[in-house]
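# Observations on the model geometry
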Amino acid sequence: NRVTLSVVLTSLALGTIFTVSSSHWFLTWMGLEINTLAIIPIMTQHKHPRAIEASTKYFLTQAAASALLLFSSLNNAWLTGEWSIMDLTNPLSCATMTVAICMKLGLAPFHFWLPEVLQGINLTTGLILSTWQKLAPMAILYQIAPTLNTPLLLALGLVSTLVGGWGGLNQTQLRKIMAFSSIAHLGWMVSILPFSPQLMILNLTIYLIMTSTMFLMLKTISSTKISSLATSWSKTPTTTALSLLTLLSLGGLPPLSGFVPKWFILQELTNQNTTILATTLALSALLSLFFYLRLTYI
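Residues numbered from 1 in each chain as written. Predicted model: local features only at pLDDT ≥ 70, side-chain atom pairs only at ≥ 80, totals over all residues. Heavy atoms only, no water.

## Here's the deal with a nonpolar patch on the surface
Stated precisely, the cut-off is as follows: Patch definition: residues above 30% relative accessible area lacking any salt bridge, with like charges linked at up to 9 Å and the nonpolar side chains Val, Leu, Ile, Met, Phe, Trp and Tyr linked at up to 5 Å. For the accessible areas, the method is Shrake-Rupley and the probe is 1.4 Å, while residue cover comes only from the protein chains on display. The salt bridge definition used is simple: a Lys or Arg side-chain nitrogen within 4 Å of an Asp or Glu carboxyl oxygen. For helices the rule is a DSSP run of H or I covering at least 4 residues; for strands it is a run of E covering at least 2, with both sets numbered from the N terminus onward. Only protein chains enter the accessibility calculation, which uses a 1.4 Å probe; a residue is then buried when its area is under 20% of its type maximum, exposed when over 50%, and partly exposed in between.
Taken together, Phe18, Phe26, Leu27 and Ile34 make up a surface patch of nonpolar side chains, about 300 Å² in accessible area. Broken down by element, the nonpolar patch gets its largest block of residues, three residues, from helix α2 (residues 25–43). Within the secondary structure layout, isoleucine 34 lies in helix α2. Given the relative accessible area of 34%, isoleucine 34 is considered partly exposed.

## Section: the UniProt feature "domain: NADH:quinone oxidoreductase/Mrp antiporter transmembrane" (unreviewed entry) in the protein chain
Note the following rule: UniProt positions are given in the numbering used here, feature names are shortened, and annotations may be inferred rather than shown by experiment.
According to UniProt, the "domain: NADH:quinone oxidoreductase/Mrp antiporter transmembrane" (unreviewed entry) feature falls on residues 22–286. The annotated region residues 22–286 carries 76% helix and 0% strand content, and the separation between its end C-alpha atoms amounts to 39 Å.

## Quick look at the UniProt feature "transmembrane region" (unreviewed entry) in the protein chain
In this structure's numbering, the residues bearing the UniProt feature "transmembrane region" (unreviewed entry) are residues 56–75, 95–114, 151–170, 177–195, 201–218, 239–256 and 276–295. With 65% helix and 0% strand, residues 95–114 has end C-alpha atoms that lie 22 Å from one another. For the annotated span residues 151–170, helix accounts for 85% and strand for 0% of the residues, and the straight-line distance between the end C-alpha atoms is 30 Å.

And the structure:
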């Protein structure tokens with residue numbers, strides 16, 4: 001039904017815009033809830049058991065994260081008397097808010113829902129889940145970055161890059177590979193957020209462009225497995241070649257555009273005297289690049 005689809009898509013857009021533009025915690029929570037409820041009908045439009053299972057997992061995880069976010073904002077308002085996003089000063093509220101947003105994004109160790117949910121839905125819905133649904137939580141992180149617990153953020157970012165690299169090594173499903181790619185890229189963004197939010201925005205922008213390109217190409221060649229990607233070369237050679245370049249760009253291989261934010265992030269982390277973190281992130285990028293190269297060779 002086109003009317004129903006237009007209403008759902010409008011609600012999805014308005015929920016994100018509502019969250020990004022509000023400065024009150026209750027309105028931010030309301031926008032996130034609208035966003036979550038709007039994508040559930042899109043995920044369940046194909047009456048398949050895997051789609052129903054994926055939408056149920058997504059709803060339960062997002063509802064738990066929203067409840068934790070509301071608890072954090074209520075606790076902060078109780079102690080400080082402020083509902084403004086910029087006045088998150090209570091340490092307990094900062095920690096629980098970080099966990100809530102990381103759960104919404106799918107950062108490790110709260111990432112277990114993301115590969116399963118992305119595997120159970122089609123490529124179009126996976127595109128929305130991997131790109132548009134990241135905007136609202138990342139906007140909240142960007143606004144409250146000065147008040148967050150920096151060691152906690154760095155730990156979550158480091159674990160996410162390692163999990164995103166290791167998790168994608170033994171996968172044969174392209175949607176799960178894209179899910180672990182999302183986890184690794186979000187780890188890079190969270191790691192640089194306390195030091196340079198502008199670099200986080202640059203990394204997010206390039207990630208959104210590359211991921212959208214990859215999902216659209218996979219939809220064009222109707223490929224969801226590595227085996228089907230291997231047979232698409234004879235049917236659509238141009239699209240397949242472009243998809244391989246996009247994969248290498250996601251992996252951060254120079255001189256492609258995905259290398260630029262990683263280079264800047266490593267340089268900034270080195271300037272901030274976090275050389276060990278920068279070295280570990282660079283090594284974790286090699287893990288991700290390995291399975292991207294494996295897809296390219298296939």
